[in-house]
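Residue strings, one per chain:
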Amino acid sequence: MSYTLKQIINATGATCAGQYDETLVINGTATLEAAAVGDISFLSNPKYASAAKETSASAVILSKTIEGLKAVQLVTANPYLAWAKICELFAPDRSAHLPANISQTASVHATAIIGTGCHIGHGVCIGASVKIGNRCIIHSGAVIEENCTIGDDTEVHPNVVVHYGTSIGKRCVIWSNAVIGSYGFGYAQDGARFVRIHQLGRVILEDDVDIGACTTIDRGAAGDTVIKRGAKIDNLVQIAHNVQIGEDSAIAAQAGLAGSLKIGDRVKVAGQAGFVGHIEIGNDSFIGAKAGIAKSFPEKSNITGYPARDFMDQRRLEASLLKVPDLIKRVSELENQMKSKES
Amino acid sequence: MSYTLKQIINATGATCAGQYDETLVINGTATLEAAAVGDISFLSNPKYASAAKETSASAVILSKTIEGLKAVQLVTANPYLAWAKICELFAPDRSAHLPANISQTASVHATAIIGTGCHIGHGVCIGASVKIGNRCIIHSGAVIEENCTIGDDTEVHPNVVVHYGTSIGKRCVIWSNAVIGSYGFGYAQDGARFVRIHQLGRVILEDDVDIGACTTIDRGAAGDTVIKRGAKIDNLVQIAHNVQIGEDSAIAAQAGLAGSLKIGDRVKVAGQAGFVGHIEIGNDSFIGAKAGIAKSFPEKSNITGYPARDFMDQRRLEASLLKVPDLIKRVSELENQMKSKES
Amino acid sequence: MSYTLKQIINATGATCAGQYDETLVINGTATLEAAAVGDISFLSNPKYASAAKETSASAVILSKTIEGLKAVQLVTANPYLAWAKICELFAPDRSAHLPANISQTASVHATAIIGTGCHIGHGVCIGASVKIGNRCIIHSGAVIEENCTIGDDTEVHPNVVVHYGTSIGKRCVIWSNAVIGSYGFGYAQDGARFVRIHQLGRVILEDDVDIGACTTIDRGAAGDTVIKRGAKIDNLVQIAHNVQIGEDSAIAAQAGLAGSLKIGDRVKVAGQAGFVGHIEIGNDSFIGAKAGIAKSFPEKSNITGYPARDFMDQRRLEASLLKVPDLIKRVSELENQMKSKES
């Protein structure tokens, strides 16, 4: 694949600084360090300006022109967004590998409704009364149990399991081996023995939700587990029964969300963070990596640590704890001085 | 599905407080907040009594009658257990979707023995000499390698992999994409290079064991990895080679159990806890979320923290550490006072 | 399976202490405690010498002879390596279950090239232009998307997903339900909304790499994600886009490696450790269990804790923190003494 500079400019809306050749051919994308002639690269953080000066890339997307750059400079207010659009141009066309038909080895129940232009891969299993929208891709080995609905343009990667009754919106992507709609970890006790509580709710993924590989999302116990529009979930995340995740929130890999947790809109959760159940995290909050969150926090919280607290408090506390070994010495010294005073 | 109040009472053994209509129809289950007329709900913790008073549910399961409740009150010593029984009544009947036959697309080895009333789903692979009991459900895409045995009434969800030689008891449930019997992480070193130690043991799951989605259980190195009767394992848990988990223990999501760890009976492990190998946790212990356990603990331990220690010790330690910033000031003040005394 | 002592000696290069019967038959392997007559066991740590004295094993591999042992003593400088060789002798021969042919239910694209002696299992899906070397085993339900290459003697376990363009070396083992080549978690923001950044790089696994069950390895964003020769990855590990892992490194279960992390050669990472992105860990380092690593460390670092620091510093710090409750009392006492001095 290759594009002219003009095509790149049209796709991104960037402005070209100075004179330039609209027919310049861009063959690929690369980081500033790895780029070769013919590549386009990007600079989102001005502190890497020196790398931009040394790059062999033919063009660079950036927010402000830089002196002394050999590459053509494409200026835009949001270089990273422009980069996303460029990467979309260069994403491989897989349509020949994923033709719009139903594999003969797929098992599609007679009552399932499959939209137009869908690819249903090798060995896929689609249960009764499933409704799949238009232009969906259900990759090899995926299992969609009865009574699920999947919106237009959604992609379900190989060996994903979507349990019965799940509702998935439009333009979602579910990565390989993710599990949607397994039972929540709910048991009553009869003496020491556990008695399973059948989980009667569903999982609802709204539009534009991405789910990472090997992520597990449990169905609700009584109500539903809900992931709202535009939320993005990374790999190996555990989302327990009745969790709610707000719009445009992002949950990084290996985070664990216990039952009935409610996460607001535009919340960012870093990797390996863990939440107890039945708490709320307000809109626009940020949760640090590996944080252990045991209570609710209001909107715009920035928290970290185990147990988690305000980011600046945690940093100050950590700094003070580093002084403890010295503090012990100082207290011993004071005690000695006091003792010598006494005598 | 719907049931009369009489059927609910019969199923749970609850006692109805005051006068009531045995023919009252219950159509579904819901939380107190979400319930509509016709629903049944439950109150296990008396502190939510006000929610019970405001619920629209037609009936509520609880341990003690409450004044001023509109709903019919069903009283029982263990409301959560009664709730489990009610949820079982309302669990969807999937039998039409999972007929008692072997899919033509399944590969079942000629030497495998399948009990009566089993459903073997689309694309399943069952190896040589496998023995599967009666009324088992092996869902689409599951792989059961050679020489495994599976007891009566066990359910293996889609795309689960059960490696060769694994023994699974009766009434177990293995959730989607779990892996049972992979190799433990065992290597010798030949200089810097790792040399694989073939893992010659098996995995044994006794009766009534549940395994969560995407959980991985490694086979034993020399002896076996054993999960005893009634133990429940949540999603994304790692259980290394030669771990033993006692009866009626519960391990929450994303916990990590290193090799040869021995967990007693009726132990509860919260999410994201991690254990080093070759230690023992005594019966009836509780391990807090995200705890990092580096040594053995006796029975009835209640531990938390990283490194993990007794729960109350940890709470006290955490409280004292919060005083360190102030302590630093107090010591500086003392030093100043001491200095002024000197001079 | 059984072997004579002579065969064991030939396979391991161990030396037999004292007189012995070369025709002694060894039937199996076991730990010192579990061994029965006819078993071989091993002692790698001299502190378990008493267990060796009490074992019923017929032979024991060890680094130095012990007085008073009933078992035949096989002496070798590296008993654990000898043990690996013995376990290889006793590993079950699965060749009858995994015949060198392509299952009729597998979907192999016309343009795929499969080497000689390969087993391609039930329901496998192999895409266009895939190249698979000789003597590979691709187990049931595995999906190998277009343009992947897999070297000789590599084993891909059931239901693994290898996304398009992945390169896998020789003698690798990918355990069940692992996912190689999913998209990294990369998004630009258009206001609050996330815009996917197509991930244009690949995953490269060099020779002799093992990947654990349910481990996820994301493809590179612009460049590639690379795991070098001989590195071993355990179960449920997250490896983000553009991570590099050096030769002969080992990453234990549930560790999380964020984007563009660079891990050197011969590094050992314990379970549940988490790394932020864009840092470097030098060669021959050791990272403790559950460590949270937020900055780069030089070669031969031994680090632990959250946030992670030098192992000995962390131990000293933890010991000093345990003294804080007492320190608070001592400071109060000093303050009282000071006050009584004042008055």
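Residues numbered from 1 in each chain as written. Chains lettered and ligands numbered in written order. Predicted model: local features only at pLDDT ≥ 70, side-chain atom pairs only at ≥ 80, totals over all residues. Heavy atoms only, no water.

Novice: Tell me about the overall build of chain A, and please be specific about residues and values.
Specialist: Tallying secondary structure elements over chain A gives 5 helices and 39 strands in all. Here chain A has a C-alpha radius of gyration of 26 Å; the compact-globule value for 343 residues is 20 Å, and the former is much larger. Seen through its C-alpha atoms, chain A measures out along the principal axes to roughly 95 × 75 × 30 Å. Relative to its full complement of 343 residues, chain A shows a buried share of 57%. Across chain A, every contact between residues at least 6 apart in sequence was considered, and the portion connecting residues at least 24 apart equals 17%. Per element, the accessible surface of chain A, about 13400 Å² overall, is 50% carbon and sulfur. Both charge centroids of chain A, one from 32 positive and one from 34 negative side chains, sit 4 Å from each other. (Helix = DSSP H or I, 4+ residues; strand = E, 2+ residues; numbered from the N terminus. Rg over C-alpha atoms; globule rule 2.2 N^0.38 Å. Buried < 20%, exposed > 50% of the residue type's maximum accessible area, 1.4 Å probe, protein only. Contact = heavy atoms within 4.5 Å. Areas by Shrake-Rupley, 256 points an atom, 1.4 Å probe, with all protein chains shown as cover. Lys, Arg positive; Asp, Glu negative; His and termini not counted. Charge placed at Lys NZ, Arg CZ, Asp CG, Glu CD.)

Novice: How would you explain the relation of the copies chain A and chain B if you had to name every residue and give the values?
Specialist: The two chain copies are connected by a rotation around an axis plus a translation along it. Mapping chain A onto chain B calls for a screw motion: a turn of 120° about the axis and a shift of 0.0 Å along it, with 0.1 Å RMSD after fitting. Here the copies are linked by what is in effect a three-fold axis. (Least-squares fit on C-alpha atoms with pLDDT ≥ 70 in both.)

Novice: Lay out helix 4 (residues 311-322) of chain C with the relevant residues and their values.
Specialist: Given a rise of 1.5 Å per residue, 12 residues ought to cover 16 Å, and the 17 Å separating the end C-alpha atoms of helix 4 of chain C matches this to within 8%. What helix 4 of chain C keeps buried is the set Gln-314, Leu-317, Glu-318, Ser-320 and Leu-321 of chain C. What you see down the axis of helix 4 of chain C is that its buried residues fit within an arc of 165°, all on one side. Looking at the buried positions of helix 4 of chain C, the neighbouring elements they touch are helix 4 (311-321) and helix 5 (324-342) of chain A, helix 4 (311-321) of chain B together with strand 38 (302-304), strand 39 (309-310) and helix 5 (324-342) of chain C. (Expected span 1.5 Å × (residues − 1). Arc of directions from axis to C-beta.)

Novice: Please give an account of the environment of Leu-89 of chain C that cites residues and values.
Specialist: Residue and element names in this part refer to chain C. Here Leu-89 shows up in helix 3 (residues 79-90). C-alpha separation for the pair Leu-89 and Gln-7, spaced 82 residues apart in sequence, amounts to 9.6 Å. Setting aside residues no more than four positions away along its own chain, Leu-89 makes contact with Met-1, Tyr-3, Ile-8 and Ala-11.

Novice: So, the domain arrangement of chain A: which residues are in play, and what are the values?
Specialist: Assigned domains of chain A: these are domain 1 (3-90) and domain 2 (102-314). Taken over C-alpha atoms, the centre of domain 1 of chain A sits 36 Å from the centre of domain 2 of chain A. (Domains from an automatic or database assignment.)

Novice: Can you lay out the packing of aromatic side chains for me, pointing to particular residues and giving the numbers?
Specialist: Each aromatic ring pair is characterised by the separation of its centres together with the angle its planes make. Residue and element names in this part refer to chain A. This structure, assessed with the given rule, holds 18 aromatic pairs over all chains. Among the aromatic side chains, those forming a connected cluster through ring pairs are Phe-42, Tyr-80 and Trp-83. Over the face of the ring belonging to Tyr-164 we find Arg-219, whose NZ or CZ atom lies 3.9 Å from the ring centre. (Phe/Tyr/Trp six-rings, centres within 6.5 Å; stacked < 30°, edge-to-face > 60°. Lys NZ or Arg CZ within 6 Å of the ring centre and 35° of its normal.)

Novice: A description of the packing of helix 1 (residues 5-12) of chain B against helix 3 (residues 79-90) of chain B should follow, citing residues and the corresponding values.
Specialist: Axes are the key here: two packed helices are described by the angle between their axes and the distance separating the axes. Residues and elements named next belong to chain B. At a minimum axis separation of 9 Å, helix 1 and helix 3 run at an interaxial angle of 125°. The orientation of helix 1 with respect to helix 3, classified from their angle, is oblique. Note that helix 1 runs across helix 3; the crossing there is right-handed. Seen from helix 1, the contacting residues are Ile-8, Ala-11 and Thr-12; seen from helix 3, they are Ala-82, Lys-85, Ile-86, Leu-89 and Phe-90. In the contact of helix 1 with helix 3, the residues fall into 6 nonpolar, 1 polar and 1 charged. (Axes fitted to C-alpha atoms, helices over the stretch in contact; angles between N-to-C directions. Parallel < 35°, antiparallel > 145°, perpendicular 65-115°, else oblique. Left-handed = near helix turned anticlockwise from the far one by under 90°. Nonpolar A, V, L, I, M, F, W, Y, C, P; charged D, E, K, R; others polar.)

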